[in-house]
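# Remarks on the overall topology
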Amino acid sequence: MAEEHPVGLTRDAGFQIGVSRTLPHPPEAVWDLLTSPEGAALWLGPGADLTGRVGGPVTAADGSRGELRSRHPGTRIRLTWQPAGRAGATTVQVTVTPSGGGTVLRFHQERLDDPEERARQRDHWRAAMDAVAAELAPRRGQMDHSSVSPRTHRTFTG
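Summary of the structure given here.

Criteria and cut-off values
- Residues numbered from 1 in each chain as written.
- Predicted model: local features only at pLDDT ≥ 70, side-chain atom pairs only at ≥ 80, totals over all residues.
- Heavy atoms only, no water.
- Core = buried A, V, L, I, M, F, W, Y, C linked by side-chain atoms within 4.5 Å.
- Buried < 20%, exposed > 50% of the residue type's maximum accessible area, 1.4 Å probe, protein only.
- Helix = DSSP H or I, 4+ residues; strand = E, 2+ residues; numbered from the N terminus.
- Contact = heavy atoms within 4.5 Å.
- Phe/Tyr/Trp six-rings, centres within 6.5 Å; stacked < 30°, edge-to-face > 60°.
- Axes fitted to C-alpha atoms, helices over the stretch in contact; angles between N-to-C directions.
- Left-handed = near helix turned anticlockwise from the far one by under 90°.
- Parallel < 35°, antiparallel > 145°, perpendicular 65-115°, else oblique.
- Nonpolar A, V, L, I, M, F, W, Y, C, P; charged D, E, K, R; others polar.
- Salt bridge = Lys/Arg side-chain N within 4 Å of Asp/Glu carboxyl O.
- Pairing = 2+ DSSP bridges.

Ranked by size, the top nonpolar core spans 31 residues in total, and within it L34, W43, L44, L105, F107 and W125 carry the most contacts. Sorting the residues of this core by element identifies β2 (14–23), α1 (27–35), α2 (37–44), β5 (76–82), β6 (90–99), β7 (102–112) and α3 (115–136) as the ones contributing at least two each. In this structure L44 touches L50, V58, A60, L79 and W81, once residues within four positions along its chain are discounted.

What follows is the structure in structure tokens.
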């Protein structure tokens, strides 16, 4: 009998998790929120600031820290991220992609230690996605994208 391959385990990046959702907002609105201090706080924690230069530090008020690895304005941010109390850094990427009349927002994290951390981070990214959607919801009245329905997808499950 073949050994079962754990969900989310990759050869090169350890355990990983990805969460995506289609939001009924234009990509510019999603990007502007994600990269603002208020938006960065929703997915990285209070005090997170993404306005620095590539290669520069990113920190949050709880002691979490990382390095901004790349920023492609309007579409993607990649950073190393070491939550407070964790022994080593992970890699986090957020992407914003136009889709129909809305936007697909994706959070992806790799270099997780084990299935338990993967499960915790899946819950974290789903909560972050809910918070981003809730923050954007009052802005929806400014446009009509009623044909775009929010939905959550699990991706990168190995």
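A few words now on the packing of aromatic side chains. Any two aromatic rings considered together are summarised by their centre-to-centre distance and by the angle between their planes. Within the structure shown, the criterion is met by three aromatic pairs. Aromatic side chains W43 and F107 sit 5.7 Å apart centroid to centroid with 45° between the ring planes, which places their arrangement in the tilted category. One end of the pair, W43, is in helix α2; the other, F107, is in strand β7, with 64 residues separating them in the sequence. Given the relative accessible area of 1%, W43 is considered buried. Both rings, one in W43 and one in W125, keep their centres 6.5 Å apart while their planes meet at 45°; by these two values the pair is tilted. Taken together, the positions of W43 in helix α2 and W125 in helix α3 put the pair 82 residues apart, joining distant regions of the chain.

Attention now moves to the packing of α1 against α3. For the pair α1 and α3, the least separation of the axes is 11 Å and the interaxial angle reads 115°. Helix-helix and strand crossings are classified by hand; for α1 and α3 the assignment is right-handed. On α3, the residues that touch A29, V30, L33 and L34 of α1 are V132, E135 and L136.

Packed helix pairs are characterised by how far apart their axes lie and by the angle those axes make with each other. The contact between α1 and α2 brings their axes to 4 Å, and the two run at 75°. For the element pair α1 / α2, the angle class is roughly perpendicular. Contact residues: α1 offers L33, L34 and T35, while α2 offers P37, G39, A40, L42 and W43. Grouping the amino acids of the contact of α1 with α2 by side-chain chemistry returns six nonpolar, two polar and no charged.

All chains considered together, the criterion is met by five salt bridges. With a closest N to O distance of 2.5 Å, D130 and R21 form a salt bridge. Taken together, the residues span a long stretch of sequence, with D130 in helix α3 and R21 in strand β2 at a distance of 109 residues. A cluster of three or more residues bridged by salt bridges with shared partners is formed by R86, D113 and E117.

With nine of 11 residues buried, β7 is to be regarded as a mostly interior element. Relative to β7, β2 runs antiparallel, the two being bridged by nine bridges. Bridging across to β7, S20 finds its partner in R106. Judged from the nine bridges that link them, β6 and β7 form a sheet pairing that is antiparallel. Paired with V92 across the bridge in β7 is Q109. Counted between consecutive antiparallel strands, the loop separating β6 from β7 contains two residues, among which G100 sits at a positive phi close to 60°.

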